[in-house]
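The lines below spell out each chain.
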Amino acid sequence: MARFAWELRQLRTRAGAPSYRELARRAHYSASTLAEATKGSRLPTLDVAVALAEACGGDREEWAARWRAAARGRTGTRAATQAATQPATRSGRGAPGPDRPVARRECPYPGPRPFTARDAPGFFGREEPVRRLIDLVTGDETPGPVVLSGPSGSGRTSLLHAGLLPALGPDWLHLALTPSRDPLGALAGAVEDLTGGGGPPTPREAFTDDPKALYLALSGLLLCRPPGTRVLVTVDRFEEAVLAGNVPAAERDAFLAQLAHTARAGDDRLRVVVALRSDARTPAAWGETARVDLAPLRADDLRRAVVGPAEAAGLTVEAALVDALLADLDGQPGAPALLSDALRRAWERRTDGVLRLAGHLAEGGVGAAVARTAEREYAARRPDERRLLRALFVRLTALGDGTDDTPRRVDREELRGLAPRGNLDRLLGELAGARLVVLDAGTVEPAHAAVVTAWPRLRHWLAHDRDGLRTHRRLTEAAGEWSAAGRHPGALYRGVRLAAARSWAREHPAELNARERAFLTASRTAERRRRWAVRLLIATVSALALLAGVMALRAVLDDRAAPTDRRATGASPTTATTATSSTAAVAGTPTRAATTATSPSAATAGTPLTAATPGTTPAEGPQRATGGRSADCPALARASGPPGRRPGPDNPADRTRQPI
């Protein structure tokens, strides 16, 4: 009896703790009668118990069977006996009392698999997101599909099946869709299963041609059901079911149109909820949607997730185990799945209905479980997948400098180029399903620090060639900065850094991503251009220096050759002037008169001077005139002959030089 009352109270809590006045409206019994049924002082009637259970979302037949078991005294007698012999203690640390059920043989923790509706009594820690989802699903003004978003490992599937659906109650029919390469075929099959073959099946082609086909099929189904019946359509792992590239575009668009029209038809009896990872986007055609984002479990949430299922199953969790699990998993992105797996292993080693820290440590703790999973995933891969897995987990590790290595969150862009996109996405999805990595909005990170600290194979990879890993990490950071700077040339490698990076890349070509390859190619091209520019500058400077040397040498040689040329051509200008003066003296004419005869005006006229100067004959004028010019012209000085010889027509040697 006490167990039955406790189970009713738990059912009400999972339903969002509605007030007894609201429950009275749903169950058609007074609020005081329903409150009395949950006190445990006496067993309520079958009708009251079933009505209360249905108002809280429970199954009518299941709760009728529970009431009959309580009425026969199978549970109430045992609980009362234990209550009389063992006092109740604080939650999770004592034996069962009047408000605590007796331990069952079934494990209340599902382990690594998600919670299902059958596991709903042990689903704790997500009460707030469940309440928000209930408000959106049962509200009158919900715009379009409701989106449940969260990183991988955050418990989206568990929240849908063990949190939301049981809380809605029996008046809701559930149309569940799971990932498939044929979403329209899966939709047609799910609709047929929901109707139970009571009406004509909707062919697959109808969902392709008519965007209202799903709405019409569900509306027709509700016509055959009691008033108040409603339908909830859920699409789990929406990013795999619809947004993956293996679904033809036409089928994907038709499937999305069916969901959008059903959610926006204005019929509050039909609701659509899709669950997807945070790194996936909702279709642009859906526009604005209501959204519930799952945050990491807080310490209080973790404590309820540990203690709540144990109390529901009549078990006790040792306080030291609770503290150890909180220390290991607080703030870890994949905490829900890792917690459930660790607690299931501790349950397998329980003693006297108590989950103890010793049993948890005997299994190696959370770290050992993660390491076993990682090694199992590695061993099951092909050689090319193993190389990709090694490159991936090395990147997911922040190398410590005198400190321990720690998990590292990376952008999906950093992983592009390690493998073809389809192969990379498939591997990441499988690792996320194994609870080794967490896929969030455009990022990837280890699900738990134990992936880095407790996996021996990864520790060996990180210890081998530590300097090479640091060179690669510096290359990764430099390539990221170069990309963020718009691929500015000033951010490229050169010199020693470029040589070291290229040397490492030649030995590990498969571990470079697309951005790092582009960075090294651009750095090498820029370095080659710089070298050619330096060579061209050196060649230009050398040529100019050679030309300057040649010109300087020629000038020196010309200066040395000038005196030799003057000696080869005859007397110097001083000798010519002396000869002219002597000629004038012999003729009895002053030198000045001869100079006057060669005035600029006479020279400009170009006419031989025939006028004689005073004291001379006309025939002597030209000779004196010539003698006057000989002071300025060495050639004429030579023509006038040696000093003391009088030139004239009587001298045969001078006849050839007479004016014509």
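Because the structure is a prediction, the values reported are computed rather than measured.

### Description of the sheet that holds strand β12 (residues 443-446)
Hydrogen bonds between backbone atoms are what pair the strands of a sheet, whose relative direction is either parallel or antiparallel. Pairing in this open sheet of 3 strands is antiparallel, and the strands run β10-β12-β11 from one edge to the other. A single partner strand is all that each edge strand has here, and the edge strands are β10 (410-411) and β11 (437-440). As paired elements, β10 and β12 share 2 bridges and run antiparallel to each other. Counted as the bridge partner of Val-410 is Val-444 from β12.

### Some thoughts on the environment of Thr-234
Relative to the helices and strands, Thr-234 is located in strand β3 (residues 230-235). For Thr-234, a relative accessible area of 3% puts it in the buried group. Through-space distance from the C-alpha of Thr-234 to that of Leu-177 is 6.1 Å; in sequence the pair is 57 residues apart. What Thr-234 contacts, discounting residues up to four positions off in sequence, is His-174, Leu-175, Ala-176, Leu-177 and Val-273. Here the side chain of Thr-234 touches His-174 through a polar contact of 2.7 Å, side chain to side chain.

### Topic: the packing of aromatic side chains
On inspection of all chains with the given rule, the structure shows 8 aromatic pairs. Taking the centre distance of 5.7 Å and the plane angle of 70° together, the rings of Trp-455 and Trp-461 count as edge-to-face. Through successive ring pairs, a cluster of aromatic residues spans Tyr-378, Phe-393, Trp-455 and Trp-461. Positioned above the aromatic ring of Trp-347 is the side chain of Arg-350, whose terminal nitrogen or guanidinium carbon lies 4.0 Å from the ring centre. Positioned above the aromatic ring of Trp-532 is the side chain of Arg-535, whose terminal nitrogen or guanidinium carbon lies 5.3 Å from the ring centre.

### Quick look at the sheet that holds β3
Taken together, 5 strands build an open sheet; the order of strands is β2-β3-β4-β1-β5 and the sheet is parallel. Only two strands of the sheet have a single neighbouring strand rather than two, namely β2 (172-177) and β5 (290-293). On average, each strand axis in the sheet is inclined to that of its neighbour by 20°, with strand direction left out of account. Relative to strand β4 (residues 270-277), β3 runs parallel, the two being bridged by 5 bridges. Paired with Thr-234 across the strands is Val-273, a residue of β4. Lying over the sheet, helix α8 (residues 156-168) contacts β1 (146-150), β2, β3 and β4, oriented at roughly 160° with respect to β4.

### Focus on the confidence of the model for the chain
Averaged over every residue, the pLDDT of the chain is 77; the share at 70 or more is 77%. Across residues 74-103, where pLDDT falls below 50, the model places 56 contacts with residues more than four positions away in sequence or in other chains. Confidence drops under pLDDT 50 across residues 571-640; counting only partners more than four residues distant or on other chains, this segment forms 56 contacts.

### Focus on helix α24 (residues 466-484)
In an α-helix there are 3.6 residues to a turn, and that puts residues three or four apart on one side. End to end, α24 covers 27 Å across 19 residues, agreeing with the expected 27 Å (1.5 Å per residue, within 8%). Buried within α24 are the following residues: Gly-468, Leu-469, Thr-471, His-472, Arg-473, Leu-475, Thr-476, Ala-478, Ala-479 and Trp-482. Positive phi appears at Gly-486, one or two residues downstream of α24, with a value of about 75°.

### Side note on the pairing of β5
Of the two faces of β5, only the one carrying Ala-290 and Val-292 is buried; Arg-291 and Asp-293 on the other face are not. By the bridge criterion, 4 bridges tie β1 to β5 in an arrangement that is parallel. Among the inter-strand pairings, Val-146 is bridged to a residue of β5, identified as Ala-290.

### Quick look at the pattern of salt bridges
Counted by the stated rule, this structure contains 34 salt bridges. Among the ionic pairs, Asp-384 bridges to Arg-382, the shortest N-O distance being 3.4 Å. Of the residues examined, Asp-384 reaches a relative accessible area of 39% and is grouped as partly exposed. One salt bridge connects Arg-390 with Glu-511, and the closest N-O pair in it is separated by 2.7 Å. Linking Arg-390 in helix α19 (residues 383-395) with Glu-511 in the loop between α25 (495-507) and α26 (514-569), this pair joins segments that are 121 residues apart in sequence. Three or more residues are tied together by salt bridges with common partners; here these are Glu-377, Arg-381, Arg-382, Asp-384, Glu-385, Arg-426 and Glu-430.

### Some words on unusual backbone geometry
Comment: phi is negative for the bulk of residues other than glycine, and the bulk of peptide bonds are trans. If you check the backbone angles, Asp-352 has positive phi at about 60° while not being a glycine. When you line up the elements, Asp-352 lands in the loop between α16 (335-348) and β7 (354-355). For Asp-352, a relative accessible area of 76% corresponds to the exposed category. The phi dihedral of Asp-465 is positive, around 55°, even though this residue is not glycine. The residue Asp-465 is located in the loop between α23 (456-463) and α24 in this model. The class for Asp-465 is partly exposed, based on a relative accessible area of 35%.

### Here's the deal with the packing of helix α11 (residues 213-223) against helix α13 (residues 249-263)
Two elements in contact, α11 and α13, have axes separated by 7 Å at closest approach and are oriented at 50°. Relative to α13, the element α11 is oriented oblique. For the pair formed by α11 and α13, the contact residues are Ala-213, Leu-214, Tyr-215 and Leu-218 on the first element and Gln-258, Leu-259, His-261 and Thr-262 on the second.

Reading the values: the criteria
Residues numbered from 1 in each chain as written. Predicted model: local features only at pLDDT ≥ 70, side-chain atom pairs only at ≥ 80, totals over all residues. Heavy atoms only, no water. Pairing = 2+ DSSP bridges. Helix = DSSP H or I, 4+ residues; strand = E, 2+ residues; numbered from the N terminus. Buried < 20%, exposed > 50% of the residue type's maximum accessible area, 1.4 Å probe, protein only. Contact = heavy atoms within 4.5 Å. Polar contact = N/O pair within 3.5 Å; in protein donor to acceptor, adjacent residues only side chain to side chain. Phe/Tyr/Trp six-rings, centres within 6.5 Å; stacked < 30°, edge-to-face > 60°. Lys NZ or Arg CZ within 6 Å of the ring centre and 35° of its normal. Axes fitted to C-alpha atoms, helices over the stretch in contact; angles between N-to-C directions. pLDDT = per-residue confidence, 0-100. Expected span 1.5 Å × (residues − 1). Salt bridge = Lys/Arg side-chain N within 4 Å of Asp/Glu carboxyl O. Parallel < 35°, antiparallel > 145°, perpendicular 65-115°, else oblique.

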